[in-house]
Amino acid sequence: MLTGPLISFVFVLRLKYGTVEFRIAYGKYLTANRMQGTGLEEIGVPGQNALREALTSCTDPLKAIEEFQLENGILLPSLRQMLPLLDLHGLRRLDFHTSVLEELRDNLVTHINELGQKEGRERDKTLKELLSKSFPLVRLKALRPIVMCILRNIPHIDDKYLRVLVREKELYNDTDTEVKRQIWKDNQSLFGDEVSPLLTQYCKEKENILFDHQNLTNLFFTPSPKVRRQGEVVQRLAHMIGSSVKLYDMVLQFLRTLFIRTRNVHYCTLRAELLMALHDLEVQDIISVDPCHKFTWCLDACIREKNVDVKRSRELQGFLDGIKRGQETVLGDLSMTLCDPYAINFLATSAMKILQHLINIENLPRENTVLILLLRMLSLGLSAWVMINSQEFKEPKLDPQIVSKFLPALMSLMVDDQVRALNAKLPPDERESAITIIEHSGPAPDACLTFVQESPVASIIAMYYTLHAAKQRDRVGLMRVLGILANCERAFDDPFLHFLVSLLIHMGDEFSTEDFCTVIFDEFFYTGITRENVIRHILKLLWYIYPKLPQARLYTLMKSLTPLPQHNEAVHSLYESLQEKIGSQQEPPLIPPSLDYLESPLMSVPTPAPLH
């Protein structure tokens, strides 16, 4: 229990015993606390007013102080006899009382926490009685931890206490998250103020990875889903939410709103990671009511294993087909989950692997139902912003010509690349027999160009085919397809450019040829050079390959990349650093000799069998 003697001596420890300076010191204390008080009088313990009365009505202030000490000090006769001995050893009574206070306070906090672990009405009743007696002391910093500990262990706190905590900023800042949750439930703006810096920090961390020009192994798609959701922001948000469905819904609403306003796909990533973090914590109150939980859980497992097996294919398709009339709004959250760049990367990569498998077994795309499912999910993810912004929750239909015309045309390009690669491995005297095939590796078919311009799904598949060509260091295949991406809006998204630039850096020697530079810079990058993010990715590329470029080309590039006043400070800083590096003829940073840390879109993994 919080006894009177304990409270009394806490007040006494603030005094400077036996000094005539006490009046001045205490006067300052009273002035500093006159507006809010200490709360001692409210619980029947002599405090400011009692001491003020004693000092103003006495003839001997020192005697009045001594009497106040005797009446309100620690009520242990045996201890009083020891105080003069402590004085002789130079131990201030303030320090002594402080140490006793801290020991008693810690013991009391431990006792309250043990009480909080129990269940039942008796526990709640005891804690509420303790809170009623001790809450007036919440403004005393020395005793505040006790009050906060009681609050933390009460499942449902009366509004009268919460209003005091919200009204005074110092008290609110010292309040534990468990208590703040009860405040936030009825104060969305206050919760938004707490969450907003975390959301900003999360996006900034993602952008730092995407634009990092000094560490080539710090790749965006490298961390596993389990590692990603162990990040600070995700874990802090999960802790702030606890098991509150209402707070979880608020966070999701914040993410949807920000996604609509900014089109920033990192909010989609956070939506999926937060749900899976709560899944890891087994917060059943939330995951049992989120209609996207099972779908996100199944997709997360596929991303983690980098494969879609037959069982999970059926589960994913069942979730999409099982949405009933009247429940269409769940498509909005499902589309956000699928719009996550990590989900898009997985879907597109898996589709490319299946196309390669179909080439090997000489089958057509329309005969593989898993491929159709992947394209369907890709289409739903790419339509997320339009769907949520318009509030028209209807799954977009996949254009059948994507499967019947675009994919076969793309597969023909893949076959050309394989024949070319095989011919390069032949002895010189046998290469002439394949030269005719190589010469016919002309521009990409018109079907590819048309669909890439008109279909988001086709553009994503073409982008990942481009990454595969870059991974294989196939300059012909890369030059043939990269030019058609210039008319594709999504080709200038940061995740793709980040991955593409990382691969182009390993093709540094190719930049010594004018035809390669023409395709990379003139036909592709220059198309989006008005975008600030594109400038940053080009500067990162030049940071590593500038010695390989012809001088005229390098001069033209640096001139066209000159930052404008409205550009971000990071752009100006990187441009100036690159200028200094080129001017001093410093060697570019070392490029890792191996590409093993870059996963190929066509990396060999088990290919799922068709659904039946």
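For the structure itself, consult the block above.
The present account deals with the structure reproduced in this document. (Residues numbered from 1 in each chain as written. Predicted model: local features only at pLDDT ≥ 70, side-chain atom pairs only at ≥ 80, totals over all residues. Heavy atoms only, no water.)

1. Some remarks on the overall build of the protein chain
A tally of regular secondary structure across the protein chain gives 34 helices and 0 strands. Looking at the 612 residues of the protein chain, the share that counts as buried comes to 51%. Considering only residue pairs separated by 6 or more positions, the protein chain has 73% of its internal contacts joining residues 24 or more positions apart. (Helix = DSSP H or I, 4+ residues; strand = E, 2+ residues; numbered from the N terminus. Buried < 20%, exposed > 50% of the residue type's maximum accessible area, 1.4 Å probe, protein only. Contact = heavy atoms within 4.5 Å.)

2. Looking at empty space enclosed by the protein
Summed over all chains, the structure comprises 2 cavities of 30 Å³ or more. A volume near 120 Å³ is recorded for the largest cavity. As for the largest cavity, its lining consists of 13 residues, and the residues nearest its centre are Arg 228, Ala 272, Asp 300, Ile 303 and Asp 340. Going through the elements one at a time, α14 (225-228), α17 (266-280) and α19 (293-305) are the ones with two or more residues in the lining of the largest cavity. Broken down by element, the lining of the largest cavity gets its largest block of residues, 4 residues, from α19. (1 Å grid on protein atoms, 1.4 Å probe; cavity = no way out; pocket = protein on both sides within 12 Å on 5 of 7 lines; lining within 4 Å. Points joined across faces, edges and corners; volume = space filled by probe spheres on them.)

3. Description of the packing of α19 against helix α20 (residues 310-321)
Remark: α19 packs on α20, axes separated minimally by 10 Å, with the N-to-C direction vectors making an angle of 150°. With respect to α20, the element α19 is oriented roughly antiparallel. By crossing handedness, the relation of α19 to α20 is classed as left-handed. Contact with α19, carried on its side by Lys 294, Phe 295, Cys 298, Leu 299, Ala 301, Cys 302 and Glu 305, involves Arg 312, Glu 315, Leu 316, Phe 319 and Leu 320 of α20 and no other residues of that element. Of the residues in the contact of α19 with α20, the class split is 8 nonpolar, no polar and 4 charged. (Axes fitted to C-alpha atoms, helices over the stretch in contact; angles between N-to-C directions. Parallel < 35°, antiparallel > 145°, perpendicular 65-115°, else oblique. Left-handed = near helix turned anticlockwise from the far one by under 90°. Nonpolar A, V, L, I, M, F, W, Y, C, P; charged D, E, K, R; others polar.)

4. Regarding the side chain of Ser 459
By the secondary structure assignment, Ser 459 is in helix α28 (residues 456-471). Residues in contact with Ser 459, not counting those within four places in the same chain, are Val 452, Leu 485, Cys 488 and Arg 490.

5. Structural notes on the packing of helix α13 (residues 188-211) against α17
For the pair α13 and α17, interaxial distance at closest approach is 10 Å and the crossing angle is 115°. Relative to α17, the element α13 lies roughly perpendicular. As α13 runs across α17, the sense of the crossing is right-handed. Facing Leu 199, Tyr 202, Cys 203, Lys 206, Glu 207 and Leu 210 of α13, the residues of α17 in contact are His 266, Tyr 267, Thr 269, Leu 270 and Glu 273. Residue composition of the contact of α13 with α17, by class: 6 nonpolar, 2 polar and 3 charged.

6. A closer look at α19
The first and last C-alpha atoms of α19 sit 18 Å apart over 13 residues, in line with the 18 Å expected at 1.5 Å per residue. Listed in full, the buried residues belonging to α19 are His 293, Phe 295, Thr 296, Cys 298, Leu 299, Asp 300, Ala 301, Cys 302 and Ile 303. One or two residues past the end of α19 sits Lys 306, with phi positive at roughly 55°. (Expected span 1.5 Å × (residues − 1).)

7. Overview of the layout of surface pockets
By volume, the largest pocket is sized at about 920 Å³. Lining the largest pocket are 37 residues, with Arg 263, Val 265, Arg 490, Asp 493 and Asp 494 sitting closest to its centre. Sorting the residues of the lining of the largest pocket by element identifies α13, α16 (245-262), α22 (341-361), α23 (369-382), α24 (384-390), α27 (446-454), α28 and α30 (494-505) as the ones contributing at least two each. A class-by-class count of the residues in the lining of the largest pocket yields 20 nonpolar, 9 polar and 8 charged.

8. Details of the state of the cysteines
Using the criterion set out here, one finds 0 disulfides in the structure. Looking at the unpaired Cys 302, the closest cysteine sulfur is the one in Cys 298, lying at 4.7 Å. A residue is classified by how much of its surface remains accessible, and Cys 302, at 0% relative accessible area, is buried. (Disulfide = S-S within 2.5 Å.)

9. As for unusual backbone geometry
One non-glycine residue, Gln 391, lies in positive phi territory at about 60°. Along the chain, Gln 391 falls in the loop between α24 and α25 (400-425). Located in the positive-phi region is Arg 473, a residue other than glycine, with phi close to 55°. By relative accessible area, Arg 473 is classed as partly exposed at 41%.

10. Comments concerning the environment of Asp 515
Here Asp 515 is to be found in helix α31 (residues 514-524). Between the C-alpha atom of Asp 515 and that of Met 479, which follows or precedes it by 36 residues, the distance is 8.8 Å. In this structure, Asp 515 is in contact with Arg 475 and Met 479, ignoring residues within four places of it in sequence. Among the polar contacts listed, one links the side chain of Asp 515 to the side chain of Thr 513, at a separation of 3.1 Å. (Polar contact = N/O pair within 3.5 Å; in protein donor to acceptor, adjacent residues only side chain to side chain.)

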